[in-house]
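Below, each chain spelled out in residue letters.
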Amino acid sequence: LRIVIVLAAFSIAGITATQIYWVRKAFNLKENQFNHDVVASLTSVAEKIIEIGRTPSAANNPVRQLSTNYFVVLVNGPIDSNVLEFLLQTEFEKRNITANFEYGIYDCAEKCMAGGNSITPQKISNSNLTQISELPTWNNDGYYFGVMFSGVEANLISQMGIWGFSSIVLLIVIFFFVYTLLVILRQRRLSEIQKDFINNMTHEFKTPIATISLAADTITNPKVINDEARIRHFISMIKKEN
């Protein structure tokens, strides 16, 4: 039983470690794909804004990722917030980016992020939108806008349907393994109690039976069979032990 428990526990631990490894790997792949799609979308937005404003290109790669969920885009020219919002929603929808995001436009005069908005791609009423937070400025005095995503991890996890299902199945398997193990140990304990009880009962039976057997053998002895007093003594002993 110990060998079975150890091997089963080792197997469950190995399967769990493998599951965690692949879930994390799948999440990292999703995150990298998300960042790639965001950069591609923002690059396209920057090119269209530069084309609309007829300004020179900002750089070979106008998009900078300042953190895991914050991106800034150089455009080298004034930005209309309505045009920017339309282009962002169009490009994100084209690449199936459904995470909530906020955008802000850098005000060169005030040197702060202004003219932003909070966008929820899902069809939710405006009363449920999150409050617009103050986006951090970038150490750059040119024209640029910033986009910050919220709830990225939850959004990516929601897209990992098969991995979530397999993780739930694994948890169920672990639960039933632990439950089965507890049942086996309980049955083993009950079996040991039953065995001890039967051994005690057997021992209690052996003593009087041995005494009765000895008394019966003694009675059949020719030297004792004619002694009435001893016969009565052994009969009384047999009766008592019985």
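What this report covers is the structure whose coordinates are included nearby. (Residues numbered from 1 in each chain as written. Predicted model: local features only at pLDDT ≥ 70, side-chain atom pairs only at ≥ 80, totals over all residues. Heavy atoms only, no water.)

**Regarding the packing of aromatic side chains**
Note the threshold: Side-chain rings of Phe, Tyr and Trp (the six-membered ring for Trp) are treated as a pair once their centres are within 6.5 Å; stacked means planes under 30 degrees apart, edge-to-face means over 60, and tilted covers the remaining angles. Helix and strand definitions follow DSSP, with helices as H or I runs of at least four residues and strands as E runs of at least two, each counted in order from the N terminus. A 1.4 Å probe rolled over the protein chains alone gives each residue an accessible area, and that area as a share of the maximum for its type sets the label: buried under 20%, exposed over 50%, partly exposed in between.
Under the defined criterion, the tally for this structure stands at eight aromatic pairs. Seen in terms of ring centroids, F71 and F149 are 6.0 Å apart; in terms of plane orientation they differ by 85 degrees. Their pairing is edge-to-face. Of this pair, F71 sits in strand 2 (residues 70-74) while F149 sits in strand 5 (residues 144-150), placing them 78 residues apart in sequence. For the residue pair F71 and F149, the accessibility class agrees, reading buried in each case.

**Focus on the pattern of salt bridges**
This is how it is decided: For salt bridges, the criterion is a side-chain nitrogen of Lys or Arg within 4 Å of an Asp or Glu carboxyl oxygen.
Here the structure, examined in full by the defined rule, presents five salt bridges. Notably, a salt bridge pairs E192 with R188, separated by 3.8 Å at the nearest N-O pair. On the criterion of helical spacing, the pair formed by E192 and R188 is a turn pair, its members being four residues apart in helix 4 (residues 161-219). Given the relative accessible area of 43%, E192 is considered partly exposed. The exposure class of R188 is partly exposed, given its relative accessible area of 40%.

**Overview of a nonpolar patch on the surface**
Under the convention used in this document: Each patch is built from residues lacking any salt bridge and having more than 30% relative accessible area; the joining distance is 9 Å for like charges and 5 Å for nonpolar side chains (Val, Leu, Ile, Met, Phe, Trp, Tyr). Reported accessibility uses the Shrake-Rupley method at a 1.4 Å probe radius. Residues are deemed covered only where the shown protein chains occlude them.
Together, I168, I172, F175, F176, Y179 and V183 make up a nonpolar patch on the protein surface, roughly 610 Å² of accessible area in all. Secondary-structure assignment places F176 in helix 4.

**Section: the packing of helix 1 (residues 2-53) against helix 2 (residues 81-94)**
Let me state the cut-off plainly: Here, axes are lines fitted to C-alpha atoms. For helices the fit covers the stretch in contact, and angles between N-to-C directions go from 0 to 180 degrees. Left-handed describes a crossing whose near helix is turned anticlockwise from the far helix by less than a right angle; the clockwise case is right-handed. Between two residues, a contact is recorded if the distance between any of their heavy atoms is within 4.5 Å. Amino acids outside the nonpolar list (Ala, Val, Leu, Ile, Met, Phe, Trp, Tyr, Cys, Pro) and the charged list (Asp, Glu, Lys, Arg) are all regarded as polar, and Gly is one of them.
Two elements in contact, helix 1 and helix 2, have axes whose closest approach is 9 Å; the angle formed by their N-to-C orientations is 145 degrees. Our pair here, helix 1 against helix 2, has a crossing hand that is right-handed. Note on element contacts: helix 2 touches helix 1 through V83, L84, L87, L88, E91, F92 and K94, opposite S41, L42, S44, V45, K48, I49 and I52. Residues that form the contact of helix 1 with helix 2 fall into these classes: nine nonpolar, two polar and three charged.

**Considerations on the packing of helix 4 against helix 6 (residues 228-241)**
Rules: Orientation is classified from the angle alone, with under 35 degrees giving roughly parallel, over 145 giving roughly antiparallel, 65 to 115 giving roughly perpendicular, and any other angle giving oblique.
Taken N-terminus to C-terminus, the directions of helix 4 and helix 6 make an angle of 160 degrees; their axes are 9 Å apart at the nearest point. By the criterion of interaxial angle, the relationship of helix 4 to helix 6 is roughly antiparallel. The interaxial crossing formed by helix 4 with helix 6 has left-handed handedness. Two secondary-structure elements touch here, helix 4 through P208, T211, I212, A215, A216, T218 and I219 and helix 6 through I231, F234, I235, M237, I238 and E241. Class assignment for the residues of the contact of helix 4 with helix 6 results in 10 nonpolar, two polar and one charged.

**Comments concerning unusual backbone geometry**
Phi is positive for N96, which is not a glycine, with a value near 60 degrees. Structurally, the position occupied by N96 is in the loop between helix 2 and strand 3 (100-107). The exposure class assigned to N96 is exposed, which follows from its relative accessible area of 58%.

**Regarding the pairing of strand 3**
Keep this limit in mind: Following DSSP output, two strands are said to pair if at least two bridges run between them.
In terms of residue burial, strand 3 counts as a mostly covered element, since six of its eight residues are buried. Bridge analysis of strand 3 against strand 5 gives six bridges, and the strand direction is antiparallel. Residue pairing across strands places N100 opposite S150, the latter belonging to strand 5.

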